[in-house]
Amino acid sequence: SDPFGLHSAPVLKFDMFRGVIRCSENDLLHGSFGGFFHSEALAGALPRRQNSPQHPPFGLYPELLSGSAFTVPRAKNRYSWMYRILPSVRHGPASGSDYQPWAHPTWVSPPFQHANPPVQWRFRPCAKPAASTDFVDGTVTVAANGCPVAQDGCSANTYAMTASMSAKKRFLRNADADMLILPQDGDLEIRTELGTLKVEPWELAIVPRGMTFQVNLAKGSFASGYFLENFGDHFVVPDLGPIGISGGLAHPRHFLAPKASFEELEGDFELVSKLSGQLFRAPIRHSPLDVVAWYGNLAPCKYDMRLFMAINTATYDHPDPSIGTVLSSYTSTPGLANVDFVIFPPRWLAAEGTFRPPWFHRNCMSEFMGLLQGSYDAKPDSFLPGACSVHNRFVPHGPDAAAVEKGTKLDTSKPERYSGTLAFMWETRLAWHPTEWALANLNDAGYASSWGNVQSRFDASKSPPAEPYGFPPEKP
């Protein structure tokens, strides 16, 4: 009755991958980032031969969630078919007037009108919030650029939560942006229409725009971290070029999608929606997490950044930070990103005759830096986990005085192993614009003084020494 193996092949494939990775990942699907996944919480709930049968299994409703225009090239198609208890039209309020605008005090969207001078910015971590603060309540926009209406640019946010969204029977749907979530302290349970992800520090999660979800505390009573709203094109893993095909950077097979799970609940729920930079709240009666089966490549996923294959120089000089790119959202200009997500993970530094910390620089791209774990080599004593810094286009920045002294005196004949550290950067083509709230409440006004002790070393009376090779071809 199944001559082509249409029912059994996907199950065998996923079980094989689960056995190879980790036993604790039995609730996840292994495939590839941007590739197709399929899952069903009830055997036979997922149609195999068509998308919208006249009589769907179990009386479910087929529903398409399209994340790209219908006519984009096939390589850029993003969509998922869902088979749910009630269609999404039943997961909204009874009347359109029930969508009430919400003037959130700290979660805001660009463009902004206040001044944005060309200075170095650093922002302190947010304080622990009051009890009953969930993910939505505890979101703080630190800086942003572009415009969600134009689907261009991005927004850099932090979150701090002491309660689960489930405690408030609250769900979130962001129609403006794909959300890249980076836990810094505390494990998260992210429940989505397509299933549940457990995400811990050192991991990231992506929730596609337009998908309804809920962020809960997986354990404990507090969690904090960062998240990016990407208003531009969907994230992709970057091309590897001469790095080759078999490995390097973030491997697509390490991105994990959730297995289908569902609930059939009625009650007094709240849906928080974000559209065109505005937040809305509305009462709803049905839980939107009622998808029994699904397939597609527009899916939430998570990635363990400890699996990132860092590539570094094995001879001399410090490579550009783009060598640490995990994901990119590209523009129509080849190589120009709406935003690149770059990490600085544990790794070996072996460059000889080289100033190993990041050098002083001014870039045409604009940088938002955050620290998830440990310390950052360019500012080892002053940049704290949970903090942020912004260096906009052509604003000078680089290592502080302590890092300069250490890097200048370091014995570079010995390699260094960077352990227990995870910094990241969101690098964009548009200037980051700090929010008025962040400037008033989190701004580290003394940040520029971290370069105040960088001294002049110029001495025209000295003859320049003979310049050796950075990495001599023969061992001295």
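Before going into details, it helps to say that this report is about the structure given with it.

## Topic: the overall build of the protein chain
Each helix and strand counted, the protein chain has three helices and 28 strands in total. Relative to the 2.2 N^0.38 estimate, which gives 23 Å for 476 residues, the radius of gyration of the protein chain is 24 Å and therefore close to what a compact globule would have. Counting every position in the protein chain, which comprises 476 residues, the buried fraction comes to 50%. Within the protein chain, residue pairs in contact and separated by at least 24 positions form 78% of the contacts whose partners lie at least 6 positions apart. Here the protein chain displays about 22200 Å² of accessible surface, and carbon together with sulfur accounts for 56% of that area. A gap of 2 Å separates the mean positions of the 41 positive and 45 negative side-chain charges of the protein chain.

## Let's talk about the layout of surface pockets
Roughly 570 Å³ of internal volume is contained in the largest pocket. Taken together, 37 residues make up the lining of the largest pocket; nearest its centre are Asp 320, Pro 321, Ser 322, Met 425 and Glu 427. Breaking the lining of the largest pocket down by element, the ones donating at least two residues are strand 21 (325-330), strand 22 (337-344), strand 24 (366-373), strand 25 (388-391) and strand 27 (422-428). When its residues are assigned to classes, the lining of the largest pocket shows 19 nonpolar, 11 polar and seven charged. Its volume calculated, the second largest pocket comes out at about 310 Å³. Pro 465, Ala 466, Glu 467, Pro 468, Tyr 469 and Gly 470 are the residues that line the second largest pocket. Along the lines of polarity and charge, the residues of the lining of the second largest pocket split into four nonpolar, one polar and one charged.

## Overview of the sheet that holds strand 7 (residues 139-147)
Across a sheet, paired strands are connected by hydrogen bonds in the backbone, their directions being either parallel or antiparallel. Ordered by their spatial adjacency, nine strands build an open sheet running 1-16-20-13-10-15-8-7-28, and the pairing between neighbours is antiparallel. The sheet is open, and its two borders are formed by strand 1 (28-30) and strand 28 (433-434), each paired with just one other strand. Looking at chain direction, strand 13 (residues 203-207) and strand 20 (residues 301-304) are connected through four bridges and run antiparallel. Residue pairing for strand 20: Ile 206 is matched across the bridge by Cys 301.

## Observations concerning the pairing of strand 4 (residues 79-84)
Burial of strand 4 is extensive: five of the six residues sit out of reach of the surface. Where strand 3 (residues 61-66) meets strand 4, six bridges bridge the pair, whose relative direction is antiparallel. Counterpart to Tyr 61 in the pairing with strand 4 is Arg 84. When strand 4 meets strand 19 (residues 291-296), the two strands line up antiparallel, connected through five bridges. Paired with Trp 81 across the two strands is Tyr 295, which belongs to strand 19.

Quick notes on the rules
- Residues numbered from 1 in each chain as written.
- Predicted model: local features only at pLDDT ≥ 70, side-chain atom pairs only at ≥ 80, totals over all residues.
- Heavy atoms only, no water.
- Helix = DSSP H or I, 4+ residues; strand = E, 2+ residues; numbered from the N terminus.
- Rg over C-alpha atoms; globule rule 2.2 N^0.38 Å.
- Buried < 20%, exposed > 50% of the residue type's maximum accessible area, 1.4 Å probe, protein only.
- Contact = heavy atoms within 4.5 Å.
- Areas by Shrake-Rupley, 256 points an atom, 1.4 Å probe, with all protein chains shown as cover.
- Lys, Arg positive; Asp, Glu negative; His and termini not counted.
- Charge placed at Lys NZ, Arg CZ, Asp CG, Glu CD.
- 1 Å grid on protein atoms, 1.4 Å probe; cavity = no way out; pocket = protein on both sides within 12 Å on 5 of 7 lines; lining within 4 Å.
- Points joined across faces, edges and corners; volume = space filled by probe spheres on them.
- Nonpolar A, V, L, I, M, F, W, Y, C, P; charged D, E, K, R; others polar.
- Pairing = 2+ DSSP bridges.

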